[in-house]
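Coordinate inspection notes
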Amino acid sequence: MLVETNKSLKNFNTFGIDCKAHYYVSVASTSQLMAMLSDNKYKARFILGGGSNMLLTKDINALVIHLNLKGIKVLSETEDHVHIEAMAGENWHEFVLYCIEKGYGGLENLSLIPGNTGTTPIQNIGAYGVELKDTFESCKAVEIESRTEVQFSKQACQFGYRTSVFKNDLKDKYVITSVVFNLTKTNHKKSTSYGAIQEQLSEQNIKEPTLKNISDAVIAIRKSKLPDPKKIGNSGSFFKNPVIDLERFHDFQLEFPNAPFYKVSQTEFKIPAGWLIEKAGFKGLRFGDAGVHKNQALVLVNYGKANGNEILELAMKIQKKVRKIFGIFLEPEVNII
């Protein structure tokens, strides 16, 4: 394995931030990962996946281990279900399309989400009424300190809204190497209740959508709202949609009766962060090369030469103004490094 020095990470993060890794190595197998974790030459290590959910604000003074573990295989199947394993370095969207092509259902609403498969359980990715945990069966992960491989069940992962045990108690302690999904082969549970999906299907006069129809609808919606990271640097949704309690929600509705919301439970309500940011006046604004996307206020963008701190400063301006107007704190969904 070739260990490079002062390696630019510009092409390895979707924001396109030109920070450098003191040391950099790409690993293509679990054994290579184990070897680099065991090498005492390097005091600090940083695990890099698809680079889609992070904002680099400084050079990384460590060994950056880039996970490029590849492979997809069926572990078991019946007439109705299939257990399929994807290695951590598999591109997420390509894996979703692979499953759809095979007729495996459950992931179609998660089409076109950037990143690699290995990072999807960390934040329990979700979109259009579906979350990763809905089809997640288990994952394998290597404990960094002991270099032992462990299997995590769904329960052990402690999934929540855009979170998991890997973002909390076990943060920076494990490296996910593969993920197993339980997908349907028949009687697919299709989630098409979101208005935007319904609109897309109606426009094409599709009443009984296939898995591909749903995926195509999601792709069209995402492309209309979200910039392509290859053209404009971004990390998708920068902030989580805030969830507020019933008492706070009543006060919020009195003050902002036209605000959209989603009922999470009898006592919790989700307010779209994009709506809050837009009403705070940030949609389409640009500060140098750091800006808020013109079509989706939830997306912060790098128009070319912004550094991580400039984007972070913009995020903090948004947080401050949203809190001042609405009394709601916006928590970043992106990992700030």
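Heads up: the structure comes first, above all this text.
Residues numbered from 1 in each chain as written. Predicted model: local features only at pLDDT ≥ 70, side-chain atom pairs only at ≥ 80, totals over all residues. Heavy atoms only, no water.

**What to know about the nonpolar core**
- Within the largest apolar cluster, 45 residues are counted, with the highest numbers of intra-cluster contacts made by Phe-252 and Ile-318.
- Listing elements by their share of this core, those giving two or more residues are strand 2 (20-27), strand 3 (45-48), strand 4 (54-55), strand 5 (60-67), helix 6 (246-255), helix 7 (273-279), strand 18 (290-292) and helix 8 (308-326).
- No other element matches the seven residues that helix 8 contributes to this core.
- If we skip the residues at most four places from it in the chain, Ile-318 touches Phe-239, Ile-277, Phe-282, Val-292, Leu-300 and Leu-330.
- By size, the runner-up hydrophobic cluster in this structure holds 38 residues, among which are Trp-92, Tyr-104, Ala-141 and Phe-152. (Core = buried A, V, L, I, M, F, W, Y, C linked by side-chain atoms within 4.5 Å. Buried < 20%, exposed > 50% of the residue type's maximum accessible area, 1.4 Å probe, protein only. Helix = DSSP H or I, 4+ residues; strand = E, 2+ residues; numbered from the N terminus. Contact = heavy atoms within 4.5 Å.)

**Quick word on the environment of Leu-276**
- Within the fold, Leu-276 resides in helix 7.
- Exposure remark for Leu-276: the relative accessible area of 0% places this residue in the buried category.
- Placed 45 residues apart in sequence, Leu-276 and Lys-321 show a C-alpha to C-alpha distance of 9.7 Å.

**Brief notes about the sheet that holds strand 14 (residues 243-245)**
- Strand order across the open sheet formed by three strands is 14-16-15, with antiparallel pairing between neighbours. Taken across any chain shown, the strands that pair with only one partner, and hence form the sheet edges, are strand 14 and strand 15 (262-263).
- Pairing of strand 14 with strand 16 (residues 268-270), which is carried by three bridges, proceeds in the antiparallel orientation. When the sheet's bridge partners are listed, Ile-244 is paired in strand 16 with Phe-269.
- Here helix 6 sits on the sheet and contacts strand 14 and strand 16; the angle it forms with strand 14, its principal contact strand, is near 100 degrees. (Pairing = 2+ DSSP bridges. Axes fitted to C-alpha atoms, helices over the stretch in contact; angles between N-to-C directions.)

**Some words on the layout of surface pockets**
- In this structure, the second largest pocket occupies an estimated 1000 Å³ of space.
- In terms of lining, the second largest pocket is formed by 36 residues, of which the most central are Thr-14, Pro-114, Asp-228, Pro-229 and Lys-230.
- The set of elements that each furnish at least two residues to the lining of the second largest pocket consists of helix 2 (92-102), helix 5 (211-225) and strand 13 (233-237).
- Residues belonging to the lining of the second largest pocket are distributed by class as follows: nine nonpolar, 19 polar and eight charged. (1 Å grid on protein atoms, 1.4 Å probe; cavity = no way out; pocket = protein on both sides within 12 Å on 5 of 7 lines; lining within 4 Å. Points joined across faces, edges and corners; volume = space filled by probe spheres on them. Nonpolar A, V, L, I, M, F, W, Y, C, P; charged D, E, K, R; others polar.)

**A look at the packing of aromatic side chains**
- On inspection of all chains with the given rule, the structure shows 18 aromatic pairs.
- Geometrically, the ring pair formed by Phe-249 and Phe-261 is edge-to-face, given 4.8 Å between the ring centres and 65 degrees between the ring planes. Of this pair, Phe-249 sits in helix 6 while Phe-261 sits in the loop between helix 6 and strand 15, and the two are twelve residues apart along the sequence.
- Of the residues examined, Phe-249 reaches a relative accessible area of 4% and is grouped as buried.
- Look at Phe-261 and Phe-269: their rings are 6.1 Å apart centre to centre, the planes differ by 70 degrees, and that puts the pair in the edge-to-face class.
- Phe-269 gets classed as buried once you look at its relative accessible area, which sits at 7%.
- One aromatic cluster is present, formed by Phe-252, Phe-256, Trp-275 and Phe-326 through successive ring pairs.
- Directly above the aromatic system of Tyr-24 lies the positively charged group of Lys-7, at a separation of 5.3 Å from the ring centroid.
- It is Arg-286 that lies over the ring of Tyr-303; its NZ or CZ is 4.2 Å from the centre. (Phe/Tyr/Trp six-rings, centres within 6.5 Å; stacked < 30°, edge-to-face > 60°. Lys NZ or Arg CZ within 6 Å of the ring centre and 35° of its normal.)

**Looking at helix 8**
- With 19 residues, helix 8 should cover 27 Å at 1.5 Å per step; its first-to-last C-alpha distance of 27 Å lies within 8% of that length.
- All of the buried residues in helix 8 are Gly-308, Ile-311, Leu-312, Leu-314, Ala-315, Ile-318, Gln-319, Val-322 and Phe-326. Down the axis of helix 8, the buried side of the element spans an arc of 155 degrees, and every buried residue falls inside it. In helix 8, those exposed residues whose orientation departs by more than 90 degrees from the buried face are Glu-313, Lys-320 and Lys-324.
- Measuring from the backbone nitrogen of Asn-309 back to the side-chain oxygen at the start of helix 8 gives 3.1 Å, which picks out Asn-307 as the cap.
- One or two steps after helix 8, the chain reaches Gly-327, where phi turns positive at roughly 70 degrees. (Expected span 1.5 Å × (residues − 1). Arc of directions from axis to C-beta. Polar contact = N/O pair within 3.5 Å; in protein donor to acceptor, adjacent residues only side chain to side chain.)

**Observations regarding the pairing of strand 13**
- Summarising burial for strand 13: four of the five residues are buried, a large majority.
- Across three bridges, strand 13 lies against strand 19 (residues 299-302) in antiparallel orientation. Bridge pairing in strand 19 places Gly-233 opposite Asn-302.

**So, unusual backbone geometry**
- Of note in the backbone geometry, Leu-112 takes a positive phi value of approximately 65 degrees without being a glycine.
- Tracing the backbone shows Leu-112 in the loop between helix 2 and strand 8 (126-127).
- We classify Leu-112 as partly exposed; its relative accessible area is 26%.
- Of note in this structure, Asn-187 is not a glycine but carries a positive phi near 45 degrees.

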